[in-house]
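Residues per chain, in single letters:
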Amino acid sequence: MQHVHDLETVSLDRAQEQFLFEIAQPYITKGTWPTWYYVQEIHARRGQDADAILASLPYTGGHGAGILSYGFTTRIGQLRPDETIGLTVAAALPLEELRPLVAEPFLRVLHHMIDVQSSIVPEPGGITQAILTDRNLAAALPGLSQSFIDRLPDLLDREPGTRSVGAAGAGRGPEGWRRGVTSTVYQFRNAKDLDGYVATTCALVRKWHNEQIGTPAPLVGSQAIPAPTEEPQPAPYINQDILDELEAAGAKSQWKVDKLLDLLGELNSNHADHHPYACLALIRAVMDHVPSIFGQKGYAGIISSVKMGDTDKKYLTALAGYRFPGDDVMHRQASKTPTRIDMTDVPPALYVKALLNQVLIALKTTP
């Protein structure tokens, strides 16, 4: 049986709202979600049945193991005392306390993910996936708290539209986390506020639930689609079509692009082989190589003097921050302190692509 509640329009009674608040309280004060035992004990002391209140909460989708659903809590049905229960972004609708802590920063991240995914140039012969990392996210959205960024992967996995989207690029290590982004995020382009996000999520869950019930195809992420038969080849850091455009534009320009193409070719090879030192050094070399094409003496002059859109200027400004890791790679002398640089310190490809797009414009328009 499918439940078709629209969570953004339902009204909860006092007991249900208090139930959600008791789950939220440990997260608000300590940043952790409680065990089901804790929730049961708090309600038992008031003479209330936590299991009954959980069962009374509205949700959309199905019910049962492996069945997609979405409600105010991360778990529905019978829970063991040692299982953890949390709240979804939708719970910020009845709980105002969660809006600044969870809902508002989550929506900022979601629309940043849309921008990151839309910046990827799709390849006809492969699968191109954008990658989101904690460091790049902190640079792109400086208003986010570090504690929110640290807990973000768990939050993304609790939301159907962003759940398990990073199988090909996901990971968490001592240097931080990374995960993939897919075109599923495009579904939320028009979800500008909490109500819009929850309404879109509920509609998607109902759609995916119907597909899940109607087909035996295994689940990948939150959608019923056939599992891939082989691992897709990762896309190059700089797409071949950009390299081809640079070569063609250089052939018609007074500026020679042979060194630039060699630098980018080596960058692709080292990125594919996961060599962060070489990648950072090569990106720094590209940044130092191209200013003369714009009539500038240095990279800062490109940002300050070249006319471009606000988004491109933001990308080039963000890329400027990666001069410092490049300096670290090339100039830091040996010491007794271990080096911590890894591939998560390499800037997103879209930053470098934004610079190369400006180079293309300059090559095509400079007399």
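Residues numbered from 1 in each chain as written. Predicted model: local features only at pLDDT ≥ 70, side-chain atom pairs only at ≥ 80, totals over all residues. Heavy atoms only, no water.

1. Regarding the overall build of the chain
A count of helical and extended segments in the chain gives 14 helices and eight strands. The buried share of the chain, reckoned over its 367 residues, is 44%. About 18600 Å² of surface is accessible on the chain, with carbon and sulfur atoms providing 52% of the total. (Helix = DSSP H or I, 4+ residues; strand = E, 2+ residues; numbered from the N terminus. Buried < 20%, exposed > 50% of the residue type's maximum accessible area, 1.4 Å probe, protein only. Areas by Shrake-Rupley, 256 points an atom, 1.4 Å probe, with all protein chains shown as cover.)

2. Side note on the side chain of Thr73
Residue position: Thr73 is located in the loop between strand E3 (69-71) and helix H4 (98-118). Looking at Thr73, the relative accessible area reads 6%, which means it is buried. In this structure the side chain of Thr73 is engaged in a polar contact, spanning 2.7 Å, whose partner is the backbone oxygen of Arg75. If near-sequence neighbours (up to four positions away) are discounted, Thr73 is found in contact with Phe19, Leu20, Ile23, Leu54, Leu57, Ile85, Gly86, Leu87 and Thr88. (Polar contact = N/O pair within 3.5 Å; in protein donor to acceptor, adjacent residues only side chain to side chain. Contact = heavy atoms within 4.5 Å.)

3. Concerning the environment of Tyr59
Positionally, Tyr59 belongs in strand E2 (residues 59-61). Along the backbone, Tyr59 and Tyr70 are 11 residues apart, and their C-alpha atoms lie at a distance of 5.6 Å.

4. A few points about the packing of aromatic side chains
Both the distance between ring centres and the angle between the ring planes are used here to describe each pair of aromatic rings. Per the stated rule, a full pass over the model turns up six aromatic pairs. Ring geometry for Tyr27 versus Trp33: centroids 4.3 Å apart, planes at 15°, classification stacked. Exposure remark for Tyr27: the relative accessible area of 8% places this residue in the buried category. Taken together, Phe106, Phe188 and Tyr197 form an aromatic cluster joined through their ring pairs. (Phe/Tyr/Trp six-rings, centres within 6.5 Å; stacked < 30°, edge-to-face > 60°.)

5. Focus on helix H12 (residues 310-320)
Turning to H12, its buried residues are Tyr315, Leu316, Leu319 and Ala320. When H12 is viewed along its axis, its buried side chains cluster within an angular range of 145° and face the same direction. Along H12, exposed side chains directed more than 90 degrees from the buried face belong to Asp310 and Lys314. On its buried face, H12 sits against H4, helix H10 (276-289), helix H11 (299-305), helix H13 (323-331) and helix H14 (349-365). (Arc of directions from axis to C-beta.)

6. Here we look at helix H9 (residues 258-272)
Counted at 1.5 Å a residue, the expected span for H9 with its 15 residues is 21 Å, and the 21 Å between its end C-alpha atoms agrees. Of the residues making up H9, those classed as buried are Leu260, Leu263, Leu264, Leu267, Asn268 and Asn270. The inward-facing, buried residues of H9 contact helix H8 (240-251), H10 and H14. Phi turns positive, to about 60°, at His274, one or two residues after H9. (Expected span 1.5 Å × (residues − 1).)

7. Thoughts on the pattern of salt bridges
Taken as a whole, this structure holds 10 salt bridges when the rule is applied. A salt bridge links Asp288 to Arg284, with the nearest nitrogen and oxygen atoms 3.0 Å apart. Of this pair, Asp288 and Arg284 both sit in helix H10, separated by four residues, roughly a single helical turn. A relative accessible area of 11% places Arg284 in the buried class. (Salt bridge = Lys/Arg side-chain N within 4 Å of Asp/Glu carboxyl O.)

8. Some points on the pairing of strand E6 (residues 176-181)
Among the six residues in E6, five count as buried, and that is most of the element. Relative to E6, strand E4 (residues 130-133) runs antiparallel, the two being bridged by four bridges. When the bridges of E6 are listed, Ile131 appears paired with Gly180. (Pairing = 2+ DSSP bridges.)

9. Remarks on the confidence of the model for the chain
Residues at a pLDDT of 70 or more form 87% of the chain, whose mean pLDDT is 85. By mean pLDDT, the top-scoring element of the chain is helix H2 (residues 36-44) (95), and the lowest-scoring one is strand E7 (residues 219-220) (35). Every residue in residues 165-169 is under pLDDT 50, and counting partners more than four places away or in other chains gives 14 contacts. (pLDDT = per-residue confidence, 0-100.)

10. Some remarks on unusual backbone geometry
Phi is positive for His274, close to 60°, though the residue is something other than glycine. Tracing the sequence through the fold places His274 in the loop between H9 and H10.

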